[in-house]
Amino acid sequence: MLLALLLLADALPAQVQLETSALEGIAGSCPGTKVVIDADLTRACKAFTAAAHAGRAQVSGPAASFYASLESYEPSPTAGIATVSPASRADRAVSELFPKSCRFNRVGVAAARLSDGGAVVCALTTSHGTTLERVPGRILPRQIVTVAGTLEPGLQHPRLFITRPSGEVEELELGGSGARFSTRVALNERGEHSIEVLADGPGGPQVAAVRRVFAGVLPPVRPPPDPRTGDGLLGVEHAIARLRASHGLPALERDPELDAAAEAHSKEMARLRTFAHVLPTTGSLSDRLRARGYAYRSIGENIGLSSDVASAHEAIAGSPAHLANLLDPRHRRLGLGSATGLTADGLEGVYLTEVFAVPVIGTADPAGDVAKFIESERQRRGLPPLLRDAALDRVASREVRATVDEDRMKLDRTLASRALKESKELSSAVAELYVGSAPDEVGGSKNLSERKWTRVGVGALYASSRLYGPGRLWVLLLYGR
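Throughout what follows, the structure given in this document is the object of discussion. (Residues numbered from 1 in each chain as written. Predicted model: local features only at pLDDT ≥ 70, side-chain atom pairs only at ≥ 80, totals over all residues. Heavy atoms only, no water.)

To continue, consider the overall build of the protein. Within the protein, the regular secondary structure consists of 13 helices and 20 strands. At 29 Å, the protein has a C-alpha radius of gyration far larger than the 23 Å of a compact globule built from 481 residues. Principal-axis analysis of the C-alpha atoms gives the protein an extent of 115 × 45 × 40 Å. With 481 residues in all, the protein has 51% of them scored as buried. (Helix = DSSP H or I, 4+ residues; strand = E, 2+ residues; numbered from the N terminus. Rg over C-alpha atoms; globule rule 2.2 N^0.38 Å. Buried < 20%, exposed > 50% of the residue type's maximum accessible area, 1.4 Å probe, protein only.)

Next comes the structure, spelled out in structure tokens:
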């Protein structure tokens, strides 16, 4: 009898007891918060605790999050992990393993014995908003799946990204209206596909749902090696370089100005306890770079939040839309910054910001650069060359300087006629004005392809603008004949 009582005292609580204890603990600490048991998160906790019991997974939050990524489409569930001894205390532990901010409405729990006689306990919580209709995690190659659902309130403009087994990221058209979205996707290749729905929210673009689908292959049974073996931001830089090299892309050059911008954004997210691309204090990435006087042709940004820098980057690389930023062939410069602080749930985490850019690089002769581009573009289009006209050059140079001083994108209607007065050899002329970042952007000139023009005058300079941003290339073209 005594042995039976001892065994009973050491028994692992049943699943229903764990769930009851979790809901009672949440109700006591978060009065008025409606929380339900989530079947997907529960399966994830069961898979994690079983793997920990079998020695296939470390007892850690990232390991539990790995199994959540296999079972659930929720983008960022929070993991609470504990070990207890004796195992009978697992129900007490699970009643405490939730964010004390109470900002969640779904929970999954499970527990399993460990070899030392104790138990590992798992709780996964999430603030469920966007609903994604069931997408199977395992399918046959060439199978078509339906991606359909409803965005949570506050999100709009859903977009669909797919990462193929080859690593190629593709954006597909997503039908629907309002908050509702739906489309059919062919997953032809054998291997893992990642399906992601991105939407615009108050803090900028955010992941609404993400689903890993394995076509003709089995899902992994254990987490990948712990990514925390890297050396901080340098490790992230090397990981990005390896990723780009595997796709035939050049490494990105670290840019001190972008590093400063990335670090400042990470610190501000940590200070505000807000994980977002757009913050109420500093605005969007373009706002932040303009405030620093950084001139760019194109930019991109990834943000991650996890227990350490390497794990945050791993989460970023696992998102199709963020992976597209990492593999964008246009990018040339990289900025990295991180900060440790509390999350919205009151837990400590590391905020990581990755900034990508193609900077504007001014030259000593911007007008000459534009003229060379026009010459090569006319040749490419099979058109006769345009003669550079000194009189038109003088007018264009003078007028583009005046336009920059006024800081406005407006042409004087009398400019063409005034140009003709200074160039007695011409009978007609037309003017075009551009504010951009590089000479090739005048390739959209509607007069560049006109055969009737025989002369050209170019005025160009790099100057910052209150309206258009730092380091802009201002170009005024005068075509004549």
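There's more to say after this.
Here 4 strands make up an open sheet; going across it, the order is β17-β19-β20-β18 and the pairing mixed. Of all the strands in the sheet, the pair left with one neighbour each is β17 (387-388) and β18 (429-436). The strands touched by helix α11 (residues 366-380) are β17, β19 (455-465) and β20 (469-480); relative to β19, the strand with the most contacts, the crossing angle is about 130°. Against the sheet, helix α12 (residues 390-406) touches β17, β18, β19 and β20, its axis set at about 20° to β19. (Pairing = 2+ DSSP bridges. Contact = heavy atoms within 4.5 Å. Axes fitted to C-alpha atoms, helices over the stretch in contact; angles between N-to-C directions.)

Moving on, we come to the state of the cysteines. Applying the stated criterion to the full structure yields 2 disulfides. At a sulfur-sulfur separation of 2.1 Å, the disulfide partner of Cys45 is Cys122. Where Cys45 bonds to Cys122 through sulfur, the torsion about that S-S bond is close to -65°, and the disulfide is left-handed. Note that Cys45 is positioned in helix α3 (residues 39-54) and Cys122 in strand β4 (residues 119-126), a separation of 77 residues in sequence. (Disulfide = S-S within 2.5 Å.)

A separate point is the side chain of Glu301. Structurally, Glu301 is set in strand β14 (residues 296-306). For Glu301, the side chain forms a polar contact with the side chain of His277, separated by 2.8 Å. With near-sequence residues (within four places) excluded, Glu301 lies in contact with His265, His277, Leu285, Arg288, Asn325, Thr353, Glu354, Val355 and Phe356. (Polar contact = N/O pair within 3.5 Å; in protein donor to acceptor, adjacent residues only side chain to side chain.)

A word on the sheet that holds strand β8 (residues 156-163). In spatial order, the strands read β6-β12-β11-β8-β9; together these 5 strands make up an open sheet with mixed pairing. Taken across any chain shown, the strands that pair with only one partner, and hence form the sheet edges, are β6 (138-139) and β9 (169-172). Judged from the 11 bridges that link them, strand β11 (residues 191-201) and strand β12 (residues 204-215) form a sheet pairing that is antiparallel. Each residue of the ladder has a partner; that of Glu196, found in β12, is Val210.

The next thing to look at is α12. Three or four residues apart is the spacing at which side chains of an α-helix point the same way, because the helix has 3.6 residues per turn. Under the 1.5 Å per step criterion, the end-to-end length of α12 is 25 Å for 17 residues, consistent within 8% with the ideal 24 Å. Where α12 is concerned, the buried positions are Ala391, Leu392, Asp393, Val395, Ala396, Glu399, Val400, Thr403 and Val404. Residues of α12 that are buried sit in contact with β17, α13 (415-422), β18, β19 and β20. Here α12 starts with a cap whose side-chain oxygen sits 3.0 Å from the backbone nitrogen of Ala391, and that cap is Asp389. Following α12 by one or two positions, Asp407 has its phi on the positive side, about 55°. (Expected span 1.5 Å × (residues − 1).)

With that settled, the discussion passes to a nonpolar patch on the surface. Taken together, the side chains of Met409, Leu467 and Tyr468 make up a nonpolar region of the molecular surface, amounting to roughly 250 Å² of accessible area. The topology assignment puts Leu467 in the loop between β19 and β20. (Patch = residues over 30% accessible without salt bridge, like charges linked within 9 Å, V, L, I, M, F, W, Y side chains within 5 Å. Areas by Shrake-Rupley, 256 points an atom, 1.4 Å probe, with all protein chains shown as cover. Salt bridge = Lys/Arg side-chain N within 4 Å of Asp/Glu carboxyl O.)

Let's shift gears to the layout of surface pockets. Space inside the second largest pocket adds up to approximately 490 Å³. Contributing to the lining of the second largest pocket are 21 residues, with Pro205, His277, Gly300, Glu301 and Asn325 lying nearest its centre. Of all the secondary structure elements, the ones that give two or more residues to the lining of the second largest pocket are β8, β12, α8 (285-291), β14 and α10 (320-326). Looking at side-chain class alone, the lining of the second largest pocket contains 8 nonpolar, 8 polar and 5 charged residues. (1 Å grid on protein atoms, 1.4 Å probe; cavity = no way out; pocket = protein on both sides within 12 Å on 5 of 7 lines; lining within 4 Å. Points joined across faces, edges and corners; volume = space filled by probe spheres on them. Nonpolar A, V, L, I, M, F, W, Y, C, P; charged D, E, K, R; others polar.)

A separate point is the pairing of β9. Examined bridge by bridge, β8 and β9 share 4 bridges and lie antiparallel to one another. From the neighbouring strand, Leu160 faces β9, where its bridge partner is Leu172. The hairpin formed by β8 and β9 contains 5 residues between the paired strands, and Gly167 there has a positive phi angle of roughly 95°.

Along the chain, Val94 falls in helix α5 (residues 90-94). With relative accessibility at 2%, the residue Val94 sits in the buried group. Counting along the chain gives 71 residues from Val94 to Leu23, while the straight-line C-alpha distance between them is 9.4 Å. Those residues in contact with Val94 that sit more than four places away from it in its chain are Leu18, Ser21, Ala22, Val109, Val121 and Cys122.

Moving on to the pattern of salt bridges. In the structure shown here, the tally under the stated rule is 27 salt bridges. The salt bridge partner of Arg43 is Glu71, with a shortest N-O separation of 3.3 Å. Placement of Arg43 in helix α3 and of Glu71 in helix α4 (residues 61-71) is noted, with a sequence separation of 28 residues between them. On the basis of relative accessibility, which here comes to 39%, the residue Arg43 falls in the partly exposed class. Put simply, Glu301 and Arg288 hold a salt bridge, and the shortest N to O gap is 2.7 Å. You can see Glu301 sitting in strand β14 and its partner Arg288 sitting in helix α8, a full 13 residues away along the chain.

The next subject is unusual backbone geometry. Between Ser85 and Pro86 the backbone carries a cis peptide bond, its omega angle lying at 0°. Secondary-structure assignment places Pro86 in the loop between β2 (78-84) and α5. Despite not being glycine, His157 has its phi angle at roughly 55°, a positive value. In this structure, His157 sits in strand β8.

All quantities given are derived from atomic positions and should not be read as evidence of function.
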